Amino acid sequence: MAEPINVVVTGAAGQIAYSLLYQLAAGSVFGPDQPINLRLLDIPVMMEVLQGVVMELEDLALPLLKEVLPTADPAAAFKDAAAAFLVGAMPRKQGMERKDLLSANVKIFKVQGEALDKYARKDVKVLVVGNPANTNALICSHYAPSIPKENFTAMTRLDQNRAQAALAARLGVQVDKILNVIIWGNHSSTQFPDASHATVNGKPVPAAVNDDTWLNEVFLETIQKRGAAVIAARKMSSAMSAAKAAGDHMRDWWMGTKPGHWVSMGVLSDGSYGVPKDIVFSFPVTIKDGKFNIVQNLPVSDFARSKLNATAKELEEERTEAHSVLMP
Ligand code: NAX
């Protein structure tokens, strides 16, 4: 059996972590042969709640789970980390705009970037879930200069899963028959869920749907606003589905994608598809040996171009705002 790896989950007393931790301990992310030590970071006031989570983790009685460390100290949490799920943040409440969240949250990601830089393994894989996820990932990476930029990603997998599920429902097929739907841009309402390259049972989705108005309007808006719809109904943000998506994202990053499958991830833009550099933008990627590659040379329609530009513009604005909070 392999040596255990240290896996950090921040916001460990929160609701996404509550669904995520079981997947990690059960081996469904890092595999059935990879033991793990969990490093659970939250803020001091949550330590009692976190103790309860630790008790439940013990009571799972799962052999892959070795040590569990609950802590409010980023230095202890990130020590020798091989993988980190940065979930901890202030969640969006009903009626709250993403911009309100930005200034509270970028400060958290500065501190965690500095701690990763000092204490984590240099090959640590960092997945940012806490919103605004793309810009938080950019900030975190900025404050961890000794760790390669490609080791920081932001989660748009929940949007991808939502898009796949919506197309499967529309076409009356099992969800895994839909492949290669893309989420471009920001994990926000400007994201561009793009079914134009997706396939259903190997055939193009646009032809199968045969209704461009539905794809460009109803489908698009449903996915863009799905998070808000869940909040309106549940009075809390998506947690079970977000945790599943975080597991999917990290598993594919760790294990690689299947041949011919693309997944969407927020990664530092290298200028592909004319997207400005120095923003964390969701692209379709393939992954091999722990490294992702942006899928290249997909045709971009005028409609898609305008959507890509809009979401890139929002990310540039978030970056400017984040810098003004951190360096006033
Ligand atoms: P919860 O409020 O249930 O949990 C957040 C936890 O983070 C709390 O326990 C809190 O004490 C902790 N926390 C706050 N500051 C911290 C810090 N500095 N260090 C460590 N822990 C800290 O929120 P939850 O529903 O779990 O959502 C967490 C984040 O995920 C939110 O930012 C939310 O907006 C974001 N989401 C991102 C999604 C995505 O697709 N990228 C989708 C789901 C979700 O909305």
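Rules behind the numbers
Residues numbered from 1 in each chain as written. Predicted model: local features only at pLDDT ≥ 70, side-chain atom pairs only at ≥ 80, totals over all residues. Heavy atoms only, no water. 1 Å grid on protein atoms, 1.4 Å probe; cavity = no way out; pocket = protein on both sides within 12 Å on 5 of 7 lines; lining within 4 Å. Points joined across faces, edges and corners; volume = space filled by probe spheres on them. Helix = DSSP H or I, 4+ residues; strand = E, 2+ residues; numbered from the N terminus. Nonpolar A, V, L, I, M, F, W, Y, C, P; charged D, E, K, R; others polar. Contact = heavy atoms within 4.5 Å. Polar contact = N/O pair within 3.5 Å; in protein donor to acceptor, adjacent residues only side chain to side chain. Near = heavy atom within 4 Å. Areas by Shrake-Rupley, 256 points an atom, 1.4 Å probe, with all protein chains shown as cover. Axes fitted to C-alpha atoms, helices over the stretch in contact; angles between N-to-C directions. Parallel < 35°, antiparallel > 145°, perpendicular 65-115°, else oblique. Left-handed = near helix turned anticlockwise from the far one by under 90°. UniProt positions renumbered as here; feature names shortened; annotations may be inferred. Pairing = 2+ DSSP bridges. Buried < 20%, exposed > 50% of the residue type's maximum accessible area, 1.4 Å probe, protein only.

Novice: Help me out: how do you make sense of empty space enclosed by the protein in this one?
Specialist: Rolled over the atoms, a probe with the dimensions of a water molecule shows which regions are left empty. With the rule as written, the count across this model stands at one cavity of 30 Å³ or more. By volume, the largest cavity amounts to about 40 Å³. Counting residues per element, the lining of the largest cavity draws most heavily on helix H5 (residues 133–142), at three residues. Tallied by class, the residues present in the lining of the largest cavity amount to five nonpolar, one polar and one charged.

Novice: Explain the side chain of Asn105 here, please?
Specialist: Mapped onto the elements of the fold, Asn105 is located in helix H4 (residues 98–119). Apart from the residues lying within four places of it in its own chain, the contact partners of Asn105 are Ala89, Met90, Asn131, Pro132 and Asn136.

Novice: Help me out: how do you make sense of the side chain of Arg157 in this one?
Specialist: Inspection of the secondary structure assignment puts Arg157 in helix H6 (residues 157–171). A distance of 2.9 Å separates polar atoms of two side chains, one belonging to Arg157 and the other to Asp252. The residues touching Arg157, leaving out its near neighbours within four places in the chain, are Ala245, Asp248, His249, Asp252, Val263 and Ser264.

Novice: Can you help me understand the site of the ligand in this one?
Specialist: Around the ligand sit 26 residues, and of these Gln15, Ile16, Asp42, Val129 and Asn131 come closest. Measuring from an oxygen atom of the ligand, one finds a backbone N or O atom of Gln15 at 2.9 Å. Contact between the ligand and Val129: a nitrogen atom at 3.2 Å from a main-chain N or O atom of the residue. In isolation the ligand has 870 Å² of accessible area, and contact with the protein removes 88% of it. Elements that contribute at least two residues to the shell around the ligand include exactly helix H1 (15–26) and H4. Tallied by class, residues from the shell around the ligand come to 14 nonpolar, ten polar and two charged.

Novice: Help me out: how do you make sense of the packing of H1 against helix H2 (residues 47–60) in this one?
Specialist: Their axes nearest at 11 Å, the elements H1 and H2 cross at an angle of 30°. Considered as vectors, H1 and H2 are oriented roughly parallel to each other. When you trace H1 past H2, the crossing you get is right-handed. Residues Tyr18, Leu21, Tyr22 and Ala25 of H1 lie in contact with H2, whose contacting residues are Val53, Glu56, Leu57 and Leu60.

Novice: In this structure, what is going on with the UniProt feature "domain: Lactate/malate dehydrogenase C-terminal" (unreviewed entry) in the protein chain? I would like to understand it.
Specialist: The UniProt record marks residues 156–322 with the feature "domain: Lactate/malate dehydrogenase C-terminal" (unreviewed entry), using the residue numbering of this structure. Segment residues 156–322 splits into 47% helix and 19% strand. End C-alpha atoms: 20 Å apart.

Novice: Is there a simple way to explain the sheet that holds strand S10 (residues 199–200) in this structure?
Specialist: Strand pairing in a sheet relies on backbone hydrogen bonds. The paired strands run either parallel or antiparallel. Taken together, the three strands give an open sheet; going across it, the order is S7-S10-S11, and neighbouring strands pair in antiparallel fashion. Taken across any chain shown, the strands that pair with only one partner, and hence form the sheet edges, are strand S7 (178–179) and strand S11 (203–204). Sheet analysis places S7 next to S10, joined by two bridges and oriented antiparallel. Bridging across to S10, Ile178 finds its partner in Val200.

Novice: Please explain unusual backbone geometry as it appears in this structure.
Specialist: Trans is the common state for peptide bonds, and a negative phi is the common state for residues other than glycine. Omega for the peptide link from Asn131 to Pro132 comes to -5°, which places this bond in the cis form. For Ala61, which is not glycine, the phi torsion reads 55° and is therefore positive. Checked against the element boundaries, Ala61 lands in the loop between H2 and strand S3 (65–71). Judged by its relative accessible area of 61%, Ala61 falls in the exposed class. Positive phi outside glycine occurs at Asn180, with the angle close to 65°. Mapping Asn180 onto the fold places it in the loop between S7 and strand S8 (182–184). With relative accessibility at 10%, the residue Asn180 sits in the buried group.

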